[in-house]
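Structural characterization, general
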Amino acid sequence: MSASTRGGWRVALRLARREALRRKGQTVLMLVLICLPVVAVTAAAIVWRTQDVSSAESVDRRMGSADALVETTGADRVVQGFDPYDSFGTFGEDDLSPGPNLGRGDVEAVLDVLGHDRPVIPLDRDSRLFETDRGVGDMEVVTTDLAHPLADGLLERVEGKYPPGPGEVVVNQALASRGPGIGDTLTVIRKTADGEKTLDLEVVGIAESTENRGYELAAGLPGAFGETENPTGRWLVGGGPVSWDDVRALNAIGVLVASRQVLTDPPPESALDPVAGGFDEPVDQVVVSVLALVGVMVLLEVVLLAGPAFAVRAKAQAHTLALVAAAGGTPGQARRTVLASGVVIGGLGGVLGVGIGIGIGAVAVPVAQLFDTTRFGPFDVPWPLLLLVAGFGFLSAVLAAVVPAFSASRQDVVAVLAGRRGERRLSVRSPFLGLALLGAGVAGAAVGAGTSGRGGGAGSVLIAGSALVSVVGMILVVPVVIALVARSAARLPLALRFAARDASRHRTRTVPAVAAVGATVAGVVALGIAVSSQEAANADAYVPMLPDGYGSVALSADADRSAVVDVLGRSLRDDQVVDVRGVQTSTDQGELEFEFRQGGDVLMLSHWGTLGSSYVVGAKVPDYVDLSADARAEADAVLDAGGLVLMRSERSYPEGYPAPELDGGPVTVDVRRWSPEEEASTATDVASAAAPSAVVEVSRSSPAVVLFSPRLLERLGLETSTVGMFIYGPVSEEAEKDLQEALAALPTAAYLYVERGYQPDAAVRIVQVVLAALGGILMLGGTLTATFLALSDARPDLATMAAVGARPRTRRTVAAAYALVVGGVGAVLGAPVGFIPGLAISQPLTRSWETGATAVDVPWLLILTVVAGLPLLTAAAVGACARGRLPLTARID
Amino acid sequence: MSAVLELTDVTRVHGEGPAAVQALRAVSFRAHAGELVAVMGPSGSGKSTLLTLAGGLDRPTDGRVVVEGVELGALGNDERARMRRTSIGYVFQGFNLIPALTAAENVALSRELDGVAARTARAEARRVLEEVGIGDLADRFPDDMSGGQQQRVAIARAVVGERRLILADEPTGALDTETGEEILRLLRARCDAGAAGVLVTHEARHAAWADRVVFLRDGRVVDETGAESVDLLTEPAAR
Amino acid sequence: MSVKHALLALLEQEPMYGYQLRAEFEQRTGTTWPLNVGQVYTTLTRLERDGLALAESEDAEGHVIYRITDAGRVEVATWFTTPVARTQPPRDELAIKLALAVTVPGVDVGTVIQQQRSATMHALQDYTRLKRRATGSEPAELAWSLVLDSLVFAAEAEIRWLDHCESRLRRAAIERAAPTSAPTSTPTSAPAAANERSHR
């Protein structure tokens, strides 16, 4: 940098600083636009880093005050990373060679390595059932010598007594809220092979785990919850640091070690066993590329949002710059003067944004903790990341000033000095370049949509890149579109005509605002299409088991039917519940298998059922099977003749599986039984019979696949039993919840299923809402800044209007018209641009593994809302908020 | 002769307390139909304040401003705006055309604001532009016109809709003498056709186009020349 | 004003007799400077004496027709190209009147100025009214219009000068009043005022 350039920058920066102080309102607006993303990312980064618990940060919560947590594995030998939670490998477990295979009782073997003078206490984590107010729930139990100093830090006393003594227990808030509080009895249920055992403990206090909250948890002394079935032994070891060498020595006898010293101050990577070293997840190039592209798009959005403010400032400086040019200033100096505004605002905005972000992060951490069951780590400020974020803010401000800087350096000095307020003529080339880029975007997206089916991630990168290219193309087209809108404005009402023409006259201000709205809309539309398509694909793939709102109960072989009926009777009417008779395929004797043949062809039957068995029995077709009258008559006839009915519904046979075709002749049933041994199970033929048959089409979902006549089952020598119950709808969600809890309390297995249709993932719904909200906010932001900058620019024109008799509310009308022009043009341009990546990305997202079929679902309502609704809403809001006062005397005094 | 504009004992104080500035002090002033009155005075004498009060852009601290029999002080903002659309026309030194609107649209502005159909308003505007001699420039934008042409548009805008009171604030200030004279000629013609005009100027040469000249000093009328004339053709200047 | 050169310039166009010359002159200058015939003939005699014009002949009605000589043409050309010398300050009477009014006690200078301004304004209005009628672009009409403009600008200059005089007199009056009133009413401003004076 030459001395004169440096000097030029010094002057430019001084001018920019003065200008920033002189136009405080405008400066605040610019700072807000630059700051907001920095603040948001900074706060999010702090919450994320704080919430993220590193190995070193987790030491206390995992091992209390101990120096190490050791755990046997049952293996001969293990290899572990510095933190066994991150990575470990076992050796010799499948090996037949007899090894030491340490277990629960082998604390001495551990101390043989570490030294016998160390204090040691056992620490067990297990899960148990407990009686809640309404039934039975799961809980985690922690057993250790809670009074021992080594256990300090595992739990935090909230109220009551701590630590608990023998026969006593402390529970956490989540557990207490489901029933047993301080002074109550906690009834622990253990299901063992011999049946059910209960154990009563007195709750003496409330304590929270330092690791997480939200899950039900109880803690007591070792053995308080009965013998553990856990074969591995875990101990907290104190008595001084446990070195990496100690860890390696314990690994050699099959023991995993989390050592405080190793975790807080890890030895060099080279100390790791090469086997354990390779567990790091490889950096996914695709994810990195897509993230980089997303980052660029966010930067672009911020630049576009801030652009109008910089354009207006440059415009305000235009007269000064023209005077400078008339006095011999070079275009470079003019450019630097405007760019310096970006430097000053960007620098200030970056620093301010990070500062405010840290403050907001500090406030947000406890709030975020409320929504997270895992306890956060200590407050963490990731400085290098924040430096990057501040740099991002700086860069966005400088970039936002680039275009105004270049137009300032090329401005028509004569026109500016003569007070003409217009702008340079439209570039002829840029719209064509824009169209070319849009075409390239479409092509790239199409290629990306095609390739990513097989190749994995390359397509996604291509699509994201195409999205960026398309948006840039759109930005280049914006000026022409605005000019066209202005040209065709002659027939519009006054306010709109004025807004459209004025927008076109001040393109450096309007274009970024419109582009920001357009980019936002494009993003919302693209993501909306992607999410909706994915949802559509999921919904397509969903096979309902039962009609909507209907339910079923599947009973296991040993289930107590009457107990289940009792429970059902509490929440349902008697006539809602119908027994399902059928063949119990899973019994103590093994698993029954049915095969149906016609001639030599085995019929392929595919069915998932919730009734307890896919093979039901009836002398007539049970009422719960939904059939047309003709089909029912046909099926009844076959059953009457001692045959079987194959039921099929379209939903039961997803594409690729042909439905069985029958020729009308008899179908042969082969029954085999698989022996109960889990390994090396063998099948024995049980029976075989041929019987008349029919295939009927079930109009909705078929609850079972085959309906036997009782006579046929007799011939096959099979028993029928009540395999489950069919429940006629509607079953309310409340009833469902009560029933689930009540059935879980029964000693025998009974599984309730209630058909609710396809339930979109709650996360998807949230994503959609967040998308719409974020899109709305960004659109509103873009529109508002442009509108209010335009209004302040148009002050003289508004004063003129007042002088020729405009009502005060004309200002509102004009403001609303501005918002409508900016928002409307942006939305109309952005929506089609959003279709490009949206349609493209929906292809790889929804491509079915089996069929290669893809789904596209365009969320028209969302798009209509964004394209038509939001601009109108924004316009209305702007109109309502704008000051209804015209600057009356601005021109006369 | 009826007074289109009548100011009676009008006082206007800007600001309060020790910082208060008396812009006008008990000024009474009339402009009749068919009469062009010039208001002269140095900067700060209250000329512009008088004009903003007459146009209903500002309210007097004391006294009455009556336009075509209606007291402006008694009207609300909307009604005063309506007066500016239907009765009062403004011409400014800086033309103050709206650059986003064509000449015809600028002229039609007050009519459109008044609810006249855009087509009708524009036809009316073209007729008035024809009258001021620039009918062929109706579809030009202000930036593509010379200062004189712009001021003609401004005059057309001030008179369109048969408004009877024309308030002109240094309308020739930004123009050369000859073009300025053309503008004054238009203004004069409008008054001769029956409108009342108030011309604020600090140049005697322009004020001489008026029937009466009112001199303002420090917010007071200090002098006024009547309309009685000395015929130079028969009675040479006495000096 | 040079009647001699004006008549010579008219003769340059065509030979004319005395009445013709007077009528032509008044048409061009809008009867702003009325000439009497005697003045015309005296001037013509002088022109003939100086060899700038010749009394040529008498027409049917006995008018003596004068025509310009070559020397006369040179004289006219020289006249047109020579700027009018501002040797004598114009409006001397008004200036002298005001100068006396300011110095002679008991005269209200403000009234003098106002009356004069009103009178000049009247004259200006009249000139302007005449101008309003002169819209043609015929050479003769244009000539008259230009003469009117000259009078308009002169009158305007006079009014501006009167305005200027008025504001100077007012300022002088305020400054005269200031030193006596300042120390009593606003003592703090006195040093500043003193400073200002000492700088002058």
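Just so it is clear, the structure is predicted and the values come from calculations on it, not from any experiment. (Residues numbered from 1 in each chain as written. Chains lettered and ligands numbered in written order. Predicted model: local features only at pLDDT ≥ 70, side-chain atom pairs only at ≥ 80, totals over all residues.)

Points about the overall build of chain C
Looking only at helices and strands, chain C features 8 helices and 2 strands. Going from N to C terminus, chain C has its helices and strands arranged as α-α-α-β-β-α-α-α-α-α. Expressed as a percentage of the 200 residues in chain C, the buried residues total 22%. (Helix = DSSP H or I, 4+ residues; strand = E, 2+ residues; numbered from the N terminus. Buried ≥ 20, exposed ≤ 12 C-beta atoms within 10 Å, placed from the backbone.)

Quick look at the sheet that holds strand β7 (residues 165–169) of chain B
With respect to topology, 6 strands assemble into an open sheet ordered β6-β7-β8-β3-β9-β10 (chain B), the strand pairing being mixed. The sheet is open, and its two edges are formed by β6 (88–91) and β10 (220–225) of chain B, each paired on a single side. Averaged over all adjacent pairs, the angle separating strand axes in this sheet is 20°, with direction ignored. Contacts from helix α6 (residues 177–192) of chain B reach β3 (36–40), β7 and β8 (196–201) of chain B within the one sheet, and its direction differs from that of β8(B) by about 150°. Packed onto the sheet, helix α6 (residues 109–133) of chain C meets β9 (212–217) and β10 of chain B and runs at close to 50° relative to β10(B). (Pairing = 2+ DSSP bridges. Axes fitted to C-alpha atoms, helices over the stretch in contact; angles between N-to-C directions. Contact = placed C-beta atoms within 7 Å.)

Describing the interface of chain C and chain B
Chain C puts 21 residues into the contact, and the matching count from chain B is 16 residues. Looking at the side of chain C that touches chain B, the elements that each hand over two or more residues are α6 and α7 (139–185) of chain C. Residues of the side of chain C that touches chain B, tallied by class, amount to 8 nonpolar, 7 polar and 6 charged. (Nonpolar A, V, L, I, M, F, W, Y, C, P; charged D, E, K, R; others polar.)

What to know about the interface of chain B and chain A
Listed by partner, the interface residues are 28 residues for chain B and 24 residues for chain A. No other element matches the 6 residues that helix α2 (residues 77–86) of chain B contributes to the side of chain B that touches chain A. Considering only residue class, the side of chain B that touches chain A consists of 11 nonpolar, 7 polar and 10 charged.

Looking at the packing of helix α16 (residues 507–541) of chain A against helix α23 (residues 810–846) of chain A
Residues and elements named next belong to chain A. Where α16 meets α23, the closest approach of the two axes is 5 Å, and the angle between their N-to-C directions is 35°. For the crossing formed where α16 meets α23, the hand is right-handed. Among the residues making up the contact of α16 with α23, the classes are represented as 23 nonpolar, 14 polar and no charged. (Left-handed = near helix turned anticlockwise from the far one by under 90°.)

Points about the packing of helix α4 (residues 107–114) of chain A against helix α6 (residues 244–251) of chain A
Residue and element names in this part refer to chain A. Relative orientation of the contacting elements α4 and α6 amounts to 140°, with a least axis distance of 9 Å. Seen from above, α4 lies across α6 with right-handed handedness. When α4 is examined against α6, the residues Val110, Val113 and Leu114 are found in contact with a partner set consisting of Asp246, Ala249 and Leu250. Looking at the contact of α4 with α6 residue by residue, the class counts come to 5 nonpolar, no polar and 1 charged.

Some words on the confidence of the model for chain B
Detailed reading of the predicted coordinates is not advisable wherever pLDDT is low. Residue and element names in this part refer to chain B. Across chain B, pLDDT averages 84, with 94% of residues at or above 70. Mean pLDDT values over the elements of chain B span from 80, in β10, up to 92, in β8. Below pLDDT 50 for its whole length, residues 227–239 participates in 15 contacts with residues either more than four positions away or in separate chains. (pLDDT = per-residue confidence, 0-100.)

Examining the domain arrangement of chain C
Residues and elements named next belong to chain C. Taken domain by domain, chain C consists of domain 1 (3–81) and domain 2 (92–181). On a C-alpha basis, the centres of domain 1 and domain 2 stand 34 Å from each other. The interface of domain 1 with domain 2 comprises 5 residues on the first partner and 6 residues on the second. Its residues assigned to classes, the side of domain 1 that touches domain 2 comprises no nonpolar, 4 polar and 1 charged. (Domains from an automatic or database assignment.)

Overview of the environment of Val705(A)
Assignment of secondary structure puts Val705(A) in the loop between β22 (693–697) and β23 (706–708). It is 6.0 Å that separates the C-alpha atoms of Val705(A) and Leu646(A), two residues lying 59 residues apart in sequence.

Details of the confidence of the model for chain C
All names here are of chain C. Looking at chain C as a whole, its pLDDT mean stands at 75, while 80% of the residues score no less than 70. pLDDT under 50 marks residues 181–200. Its contacts with residues more than four places away, or in other chains, come to 4 contacts. The ipTM, which scores confidence in the relative placement of chains, is 0.81 for this predicted complex, and the corresponding pTM is 0.71.

Thoughts on the sheet that holds strand β5 (residues 70–71) of chain B
All names here are of chain B. The strand order across the open sheet formed by 4 strands is β2-β1-β4-β5, and the pairing between neighbours is antiparallel. Every interior strand has two partners, whereas the edge strands, β2 (21–32) and β5, have only one. Pairing of strand β1 (residues 3–14) with β2, which is carried by 8 bridges, proceeds in the antiparallel orientation. Of the residues in β2, the one forming a bridge with Leu5 is Ala31.

A closer look at the nonpolar core
By size, the foremost hydrophobic cluster in this structure holds 230 residues, and its most contacted members are Ala306(A), Val107(B), Leu129(B) and Val198(B). Ranked by residue count, the leading element in this core is α23(A), at 18 residues. Within the second largest apolar cluster, 56 residues are counted, among which are Val70(A), Val170(A), Val188(A) and Phe225(A). (Core = buried A, V, L, I, M, F, W, Y, C linked by C-beta atoms within 7 Å.)

Topic: the domain arrangement of chain B
How big an interface is tends to be stated in terms of accessible area lost as the parts join. Residues and elements named next belong to chain B. Domain boundaries in chain B define domain 1 (3–87 + 163–225) and domain 2 (98–162). Computed over C-alpha atoms only, the centres of domain 1 and domain 2 are separated by 23 Å. Contact with domain 1, which involves 14 residues of that partner, is made by 13 residues of domain 2. When contributions to the side of domain 1 that touches domain 2 are tallied by element, the ones reaching two or more residues are α2 and α6. Sorting elements by how many residues they give to the side of domain 1 that touches domain 2 places α6 first, with 6 residues.

Quick word on the pairing of β6(B)
All names here are of chain B. The side-chain alternation of β6 yields two buried faces, one formed by Ile88 and Tyr90 and the other by Gly89 and Val91. Pairing analysis gives 4 bridges linking β6 to β7, with the strands arranged parallel. Opposite Ile88, over in β7, you have Leu165 as the bridge partner.

Regarding the pairing of strand β1 (residues 68–72) of chain A
Residues and elements named next belong to chain A. Here β1 lies mainly inside the structure; 5 of its 5 residues are buried. Side-chain alternation along β1 places Ala68, Val70 and Thr72 on one buried face and Leu69 and Glu71 on a second face that is also buried. The pairing of β1 with strand β11 (residues 234–237) spans 4 bridges and is antiparallel. Of the residues in β11, the one forming a bridge with Ala68 is Val237.

Here's the deal with helix α5 (residues 147–159) of chain B
Residues and elements named next belong to chain B. Between its first and last C-alpha atoms α5 spans 18 Å; for 13 residues at 1.5 Å apiece the expected length is 18 Å, and the two agree. The element α5 is extensively covered by neighbouring structure, given that 11 of its 13 residues are classed as buried. Looking only at α5, the buried set comprises Gln149, Gln150, Gln151, Arg152, Val153, Ala154, Ile155, Ala156, Arg157, Ala158 and Val159. Two residues or fewer after α5 comes Gly161, characterised by a positive phi angle close to 80°. (Expected span 1.5 Å × (residues − 1).)

Overview of the environment of Pro180(A)
All names here are of chain A. For Pro180, the location among the structural elements is in the loop between α5 (173–176) and β8 (185–192). Look at Pro180 and you get buried, because 22 C-beta atoms sit within 10 Å. Separated by 294 residues in the primary sequence, Pro180 and Met474 place their C-alpha atoms 63 Å from one another. Non-local contacts of Pro180, meaning those with residues more than four positions away in its chain, are made with Val171, Thr185, Leu186 and Val203.

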